[in-house]
Amino acid sequence: MAAWNARDIPDQHGRVAVVTGANSGLGLVTATALARRGAKAVLAVRDTAAGERAADAIRATVPEADLEVRELDLASLASVRTFGTELAAAHPAIDLLINNAGVLDLGPARTTADGFELHMGTNMLGHFALTGLLLDTLGRAGAPRVINISSLTHRNARLDLDDLMSQRTYRANRAYDRSKLASTVFGLELDRRLRDAGSPVLSVLAHPGMSRSNLNPRALRDRGRFQRLAARAVLRILQAPGEQGALPQLYAATAPDVRGGQFLGPSGHREMRGRDVRTVRPGAGATDAGTGRRLWTQAEKLTGVTYL
């Protein structure tokens with residue numbers, strides 16, 4: 001794949017792009033890049049005050065940016081439903097849904113408003129429900145795409161469909177990895193179902209490599225001072241800046257040659273970083289169609305959102 005950067009994003013005027021978790025990190029970089037190319041960027045954020053500050057930051061560099069801040073708490077199905085209903089009423093067609101938001105909490109086990117394990121409930125189930133609620137609206141656009149954000153760590157995970165909420169044993173890192181594996185399985189199963197339905201919507205996956213925004217102060221709040229300092233030192237050495245980390249998801253969202261089911265990541269050593277984007281392989285645990293069907297069935301039952 002040829003060298004590619006945000007300057008290569010095609011013109012996005014007339015397109016509506018919804019970016020979850022757009023108030024910081026990769027989401028903010030992504031929303032800024034899309035707005036710079038003319039898209040109407042909907043910043044879907046849990047904290048609207050933070051979202052407005054992010055919008056101001058975007059306008060400081062892109063004065064002509066067309067932005068909209070909307071409240072979305074992926075850890076609450078009620079919030080997801082409200083967001084989906086109100087967004088669909090405001091925008092008859094949505095071109096891009098970038099399921100970027102995610103939580104990494106290294107403290108003790110926590111649950112969402114609906115009683116789901118926090119990582120699985122936020123990172124996968126919240127986005128599963130959101131995608132289903134917006135699918136008809138996406139289907140009315142000219143070249144719509146759903147982008148699910150995976151992680152390198154999904155390759156280390158094992159998805160236990162009999163213990164999706166990690167109730168038997170809980171370790172925060174493992175719960176996060178499982179949620180990212182589940183997100184990857186979801187994205188690939190979504191692609192299969194969209195193809196079978198003859199839908200114009202593409203389901204594409206991307207991962208940022210080792211992006212600095214993968215680990216934030218909130219994730220480390222329950223760790224000791226030494227562990228926090230050590231983790232941050234490792235990030236400085238290994239991780240690419242957010243601008244580079246966002247390239248795979250920007251490519252997935254906008255490049256004209258992208259295919260449904262494609263998985264994109266950094267071009268560098270072990271996909272940890274890189275100034276270019278390339279097609280990568282999902283982990284073996286993500287590709288089994290039977291696992292995809294079982295996870296989909298569970299997600300429908302848990303969220304109450306049924307589609308495809």
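Each remark here, short or long, concerns the structure printed above.
Here is what the cut-offs are and how they apply
Residues numbered from 1 in each chain as written. Predicted model: local features only at pLDDT ≥ 70, side-chain atom pairs only at ≥ 80, totals over all residues. Heavy atoms only, no water. Core = buried A, V, L, I, M, F, W, Y, C linked by side-chain atoms within 4.5 Å. Buried < 20%, exposed > 50% of the residue type's maximum accessible area, 1.4 Å probe, protein only. Helix = DSSP H or I, 4+ residues; strand = E, 2+ residues; numbered from the N terminus. Contact = heavy atoms within 4.5 Å. Expected span 1.5 Å × (residues − 1). Arc of directions from axis to C-beta. Pairing = 2+ DSSP bridges. Right-handed = clockwise from strand over helix to strand, strands pointing away.

(A) Summary view of the nonpolar core. Core analysis: the biggest nonpolar cluster contains 46 residues, and Met-124 and Leu-159 have the highest contact counts within it. Contributions of two or more residues to this core are made by β1 (16-20), β2 (40-45), α3 (77-90), α4 (118-139), α5 (172-197) and α9 (289-303). Ranked by residues supplied to this core, first place goes to α4 with nine residues. Beyond its immediate sequence surroundings of up to four residues, Met-124 is in contact with His-119, Ser-179, Ala-182, Ser-183, Phe-186, Leu-295 and Ala-299.

(B) Representation of α3 within the structure. Its 14 residues give α3 an end-to-end C-alpha distance of 20 Å, which sits within 8% of 20 Å, the value for a rise of 1.5 Å per residue. When α3 is considered as a whole, its buried residues turn out to be Leu-77, Ser-79, Val-80, Phe-83, Gly-84 and Leu-87. Along the axis of α3, the buried positions cluster into a sector of 150 degrees, meaning they face one direction only. Away from its buried face by more than 90 degrees, α3 exposes Ala-78, Thr-85 and Ala-89.

(C) Focus on the pairing of strand β4 (residues 96-99). Of the two faces of β4, the one lined by Leu-96 and Ile-98 and the one lined by Leu-97 and Asn-99 are each fully buried. Two strands pair when backbone bridges link them, and β4 and strand β5 (residues 145-149) are joined in this way by four bridges, in the parallel orientation. Note that in β5 the partner of Leu-96 across the bridge is Arg-145. For the handedness criterion, the β-α-β arrangement of β4, α4 and β5 is classed as right-handed.

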